[in-house]
Amino acid sequence: MTDLEVMEIAIQEAKTALSKSNFPVGAVLLINKEIIDKSQNQNRELGTLCFHAENSLLIKHSSLIKQAVQGKDFVEIYSTLEPCLYCFAGILQHNIHRLVFSVSDPNVGASSILPYLNDWYRKKNITIEKNILVDTYLPILYEDNKRYNRYDWDKLLALNNRK
Ligand SMILES: [Zn+2]
């Protein structure tokens, strides 16, 4: 599958999250280019802080990911939104090989901290790609923002080169 095809699936998850009044983030886990599972943010629905789309995949499939990495399989996570510090730490901890996300997050996006971390993290050599289907995902994020006003929208657009 292409990056666009996988991100479309993640965006569908984000739409479902929005329909349940959750913060609209979707994520997909792949091993050797095969989809293992998909997930969506469930924090508002469950009244928690830890059911982020990416983190839910990591917790559910932690041992599978560990085995895959040890077996030299290629592990990827796609997310509609730049992972927060919590999820990015989990992605590094699991030695995920590639992270692909759509929109950069000016509030809690943490993917740019990698150069400032200790060697132990930097040597993991994760590949990060972003700006995939930004214009498809932005309207979904905007719907949530109209209600919860989580972002300074101009700042978010500027960070994503849409202004
Ligand atoms: Zn997160």
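So, here's what we can say about the structure. (Residues numbered from 1 in each chain as written. Predicted model: local features only at pLDDT ≥ 70, side-chain atom pairs only at ≥ 80, totals over all residues.)

### Overview of the pairing of strand β2 (residues 34-40)
Thinking step 1. In terms of strand pairing, strand β1 (residues 26-31) meets β2 through 6 bridges, oriented antiparallel. Across the sheet, Leu30 pairs through a bridge with Ile35, a residue of β2.
Thinking step 2. The loop that links β1 with its antiparallel partner β2 comprises 2 residues; one of these, Asn32, has a positive phi angle of about 50°. (Pairing = 2+ DSSP bridges. Helix = DSSP H or I, 4+ residues; strand = E, 2+ residues; numbered from the N terminus.)

### Some words on the environment of Pro24
Thinking step 1. Within the secondary structure, Pro24 is located in the loop between α1 (3-19) and β1.
Thinking step 2. In this structure Pro24 comes out as buried when scored by C-beta crowding, with 26 C-beta atoms within 10 Å.
Thinking step 3. With 15 residues separating them along the chain, Pro24 and Ile9 place their C-alpha atoms 13 Å apart.
Thinking step 4. Apart from residues lying up to four places away in sequence, Pro24 is in contact with Ala14, Lys15, Ala17, Leu18, Ile140, Leu141 and Asp144. (Buried ≥ 20, exposed ≤ 12 C-beta atoms within 10 Å, placed from the backbone. Contact = placed C-beta atoms within 7 Å.)

### Focus on the packing of α1 against helix α7 (residues 134-148)
Angle between the axes and distance between the axes are the two parameters that describe a pair of packed helices.
Thinking step 1. Running from N to C, α1 and α7 point in directions that differ by 15°, and their axes come no closer than 10 Å. Taken together, the axes of α1 and α7 are roughly parallel relative to one another. Along this stretch, α1 crosses α7, giving a crossing that reads as left-handed. Residues Ile11, Ala14, Lys15 and Leu18 of α1 pack against Thr136, Tyr137, Ile140, Glu143 and Asp144 of α7.
Thinking step 2. For the contact of α1 with α7, a count of residues per class yields 5 nonpolar, 1 polar and 3 charged. (Axes fitted to C-alpha atoms, helices over the stretch in contact; angles between N-to-C directions. Parallel < 35°, antiparallel > 145°, perpendicular 65-115°, else oblique. Left-handed = near helix turned anticlockwise from the far one by under 90°. Nonpolar A, V, L, I, M, F, W, Y, C, P; charged D, E, K, R; others polar.)

### Digging into the sheet that holds strand β5 (residues 127-129)
Thinking step 1. Spatial strand order, β2-β1-β3-β4-β5: 5 strands in an open sheet with mixed pairing. Both edges of this open sheet fall to β2 and β5, since each of them pairs with a single strand only. Strand-to-strand, the axes of this sheet are offset by a mean angle of 15°, without reference to chain direction.
Thinking step 2. Sheet analysis places strand β4 (residues 98-103) next to β5, joined by 3 bridges and oriented parallel. The residue of β5 that forms the bridge with Val100 is Glu129.
Thinking step 3. Along the sheet, α7 contacts β3 (75-81) and β4; its crossing angle with β4, the most-contacted strand, is approximately 60°.

### Here we look at the nonpolar core
Thinking step 1. Among the nonpolar cores identified, the biggest contains 37 residues, and Ala10, Ala14, Ala27, Ile77 and Tyr78 are the most heavily contacted of them.
Thinking step 2. Within the residue set of this core, elements represented by two or more residues are α1, β1, α3 (53-60), α4 (62-70), β3, α5 (85-93), β4 and α7.
Thinking step 3. For this core, the leading source of residues is α1, giving 7 residues.
Thinking step 4. Here Ala14 is in contact with Pro24, Val25, Gly26, Gln40, Thr80, Tyr137 and Ile140, once residues within four sequence places are set aside. (Core = buried A, V, L, I, M, F, W, Y, C linked by C-beta atoms within 7 Å.)

### Digging into α3
Thinking step 1. Here α3 lies mainly inside the structure; 6 of its 8 residues are buried.
Thinking step 2. Burial in α3 covers these residues: Ala53, Glu54, Asn55, Ser56, Leu57 and Leu58.

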